[in-house]
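# Examining the three-dimensional arrangement
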Amino acid sequence: MAWRSGGSNNDEMVDNLKRFGVISTETVERGFRTVDRRFFVPKGNEESAHSDQPLKVGNVHLSAPHIYGSALEALELTENSSLSFLNVGSGTGYLSCIVAEILGSKSVNFGVEIHEDVVKHCQDAVGKWRSARQKRACGKRQSNSESTSTENDAGPHLHFIHGNGLNVSASAGESIVGFDRIYVGAALERSDLPKISKLLCPGGILIGPVDDELTKIVRIGPLEGNNNLATGQRYSENEDGIEARASEFTQQVLSGVRFAPLLSYPVLETVIPARGWAPDRHRYFPDTFQKATMELLMCSNSKCVQPPPQPKKPSDFLNTAALLPRVMWIEILSFTHRKCKCYSTCLGFH
């Protein structure tokens with residue numbers, strides 16, 4: 001049934017994906033409708049843009065829509081959330097754009113691709129999609145007689161990196177706290193699975209082909225106690241290189257698939273850059289982060305005289321935020337991770 005899910009245009013393709021049960025949620029359906037596959041197909045395949053089949057020219061490969069539909073449903077994406085997403089073997093960027101459109105502007109979305117020419121194709125394709133998206137948004141504002149706003153013009157966060165997904169550092173950048181969702185776009189050998197699964201945060205979901213089976217992996221164990229940030233070791237391995245702490249993960253086979261293998265060479269040490277806070281990026285951070293940041297900065301402008309620091313009842317706690325100038329708080333916040341929901345308490349703010 002899945003291979004019959006193509007159409008003459010993007011909407012017809014999505015209609016058929018829905019008709020044959022490949023996609024079932026409104027969230028995934030809206031993501032597919034918002035991101036037209038025609039922007040991402042390999043050059044010369046424009047007429048087949050909405051066919052339900054994989055397309056490949058040289059290193060540029062685009063999986064069939066039904067594969068992406070199954071993967072997106074299994075990822076359990078939360079619309080307009082602050083989830084972090086990593087696409088290993090990100091290819092044309094098509095899936096990453098759908099995920100970014102679903103998660104919204106307060107999420108972070110990274111892709112790692114080993115072929116430089118594919119990264120270039122991806123960046124060009126994403127640029128065309130962004131331009132079309134922006135024109136569509138402008139048209140909607142004009143038709144609704146709304147004032148022009150630039151808040152969402154930049155679109156969701158997307159960052160594509162030339163690197164090797166099997167060499168992503170777990171001890172630097174965004175990987176330190178782990179990713180909420182990971183998709184692997186090429187076949188993994190089971191012995192290489194720990195190199196990717198260790199990048200999941202607790203509760204995170206990984207979808208990818210493992211030994212010709214589309215597999216769903218959920219991390220149920222905590223990072224604490226198994227995480228040495230100095231070495232990046234978050235798990236133990238046996239002599240075969242397979243993760244020994246099986247209780248940290250659950251696995252479910254979704255279907256049989258055939259993917260090209262995830263390449264081990266060239267070895268490229270890859271760091272996913274952390275997206276630090278800055279005043280001009282404030283609106284792209286989670287609501288809880290925004291609220292706590294604004295409280296800190298407002299208190300830092302307080303001119304009231306603080307009582308001396310001595311043991312008192314909770315209502316008389318010292319407002320330490322007001323002891324530092326605002327410019328210093330801005331510098332401190334730039335080193336604070338977006339996933340820290342209670343950092344105001346950690347810094348002594350009450």
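Definitions and limits used
Residues numbered from 1 in each chain as written. Predicted model: local features only at pLDDT ≥ 70, side-chain atom pairs only at ≥ 80, totals over all residues. Heavy atoms only, no water. Helix = DSSP H or I, 4+ residues; strand = E, 2+ residues; numbered from the N terminus. Buried < 20%, exposed > 50% of the residue type's maximum accessible area, 1.4 Å probe, protein only. Contact = heavy atoms within 4.5 Å. Areas by Shrake-Rupley, 256 points an atom, 1.4 Å probe, with all protein chains shown as cover. Core = buried A, V, L, I, M, F, W, Y, C linked by side-chain atoms within 4.5 Å. Axes fitted to C-alpha atoms, helices over the stretch in contact; angles between N-to-C directions. Parallel < 35°, antiparallel > 145°, perpendicular 65-115°, else oblique. Left-handed = near helix turned anticlockwise from the far one by under 90°. Phe/Tyr/Trp six-rings, centres within 6.5 Å; stacked < 30°, edge-to-face > 60°. pLDDT = per-residue confidence, 0-100. Pairing = 2+ DSSP bridges. Salt bridge = Lys/Arg side-chain N within 4 Å of Asp/Glu carboxyl O. Right-handed = clockwise from strand over helix to strand, strands pointing away.

Moving on to the overall build of the protein. Along the backbone of the protein there are nine helices and nine strands. Looking at the protein as a whole, 49% of its 350 residues qualify as buried. Relative to all contacts within the protein whose residues are 6 or more apart in sequence, the contacts with residues 24 or more apart total 68%. Total accessible area on the protein is roughly 17,100 Å²; 52% of this is exposed by carbon and sulfur atoms.

Before going further, it helps to examine the nonpolar core. In terms of nonpolar packing, the biggest core is built from 46 residues, with F32, F40, L72, Y94 and Y183 touching the most fellow members. Contributing elements (two or more residues each) for this core: α1 (10–19), α2 (26–34), α3 (65–75), α4 (94–103), α5 (116–143), β7 (200–210) and β8 (213–219). Looking at this core element by element, the count peaks at eight residues for α4. Those residues within four positions of L72 in sequence are excluded, and the remaining contacts are V28, F32, L77, L95, I98 and V99.

Now for the packing of α2 against α4. Put simply, α2 and α4 touch, their axes get as near as 9 Å, and they point 125° apart. The angle between α2 and α4 falls in the class oblique. Along this stretch, α2 crosses α4, giving a crossing that reads as right-handed. Residues T27, V28, G31, F32 and T34 of α2 touch α4, and the partners they reach there are Y94, I98, E101 and I102.

If you walk through the whole model with that rule in mind, you get six aromatic pairs. Relative to F289, the ring of F285 has its centre 4.9 Å away and its plane inclined at 45°; by these criteria the two rings are tilted. The burial state of F285 is the same as that of F289; both residues are buried.

Turning next to the confidence of the model for the protein. On average, residues of the protein score 84 in pLDDT, and 78% of them are at 70 or above. Predicted confidence for residues 225–244 stays below pLDDT 50, and this span has 44 contacts to residues more than four positions away or in other chains.

So, about the environment of S81. Mapped onto the elements, S81 comes out in the loop between α3 and β3 (84–88). Placed 26 residues apart in sequence, S81 and S107 show a C-alpha to C-alpha distance of 6.3 Å.

Let's shift gears to the sheet that holds strand β4 (residues 108–113). The seven strands are arranged β5-β4-β3-β6-β7-β8-β9 in an open sheet whose pairing can be described as mixed. Every interior strand has two partners, whereas the edge strands, β5 (159–162) and β9 (249–256), have only one. Taken over all neighbouring pairs, the strand axes of this sheet differ in orientation by 15° on average, direction set aside. Relative to β8, β7 is paired through six bridges, and the arrangement is antiparallel.

Counted by the stated rule, this structure contains 16 salt bridges. We note a salt bridge from E295 to K291, for which the minimum N-O separation is 2.7 Å. Remark: K291 and E295 occur in helix α7 (residues 287–300); sequence separation between them is four residues, near one turn of the helix.

As for its placement among the helices and strands, E29 is situated in helix α2. Residue E29 is classed as buried on the basis of its relative accessible area of 13%.

Extensive coverage of β3 is indicated by the burial of five of its five residues. Neither face of β3 is left uncovered, since the one carrying S84, L86 and V88 and the one carrying F85 and N87 both have all their residues buried. What joins β3 to β4 is α4, and the crossover it makes is right-handed. With four bridges joining them, β3 and strand β6 (residues 179–184) adopt parallel strand pairing. From the neighbouring strand, V88 faces β6, where its bridge partner is V184.

Here we take up unusual backbone geometry. Here the bond from Y265 into P266 is cis, since omega is 0°, no more than 30 degrees from zero. The residue N80 is not glycine, and still its phi comes out positive at about 50°. Mapped onto the elements, N80 comes out in the loop between α3 and β3.

Those residues of α2 not exposed but buried are T27, V28, E29, G31 and F32. Where the residues of α2 are buried, they touch α1, α3 and α4.

This part covers the environment of A187. Note that A187 resides in the loop between β6 and α6 (193–197). Among the residues examined, A187 registers a relative accessible area of 16% and is labelled buried. Counting along the chain gives 74 residues from A187 to P261, while the straight-line C-alpha distance between them is 4.3 Å. If we ignore the near neighbours within four places in the chain, the residues touching A187 are P209, F259, A260, P261 and L262.

Here the focus is the environment of G21. Looking at the element boundaries, G21 is found in the loop between α1 and α2. For G21, a relative accessible area of 53% corresponds to the exposed category. C-alpha separation for the pair G21 and G69, spaced 48 residues apart in sequence, amounts to 9.5 Å.

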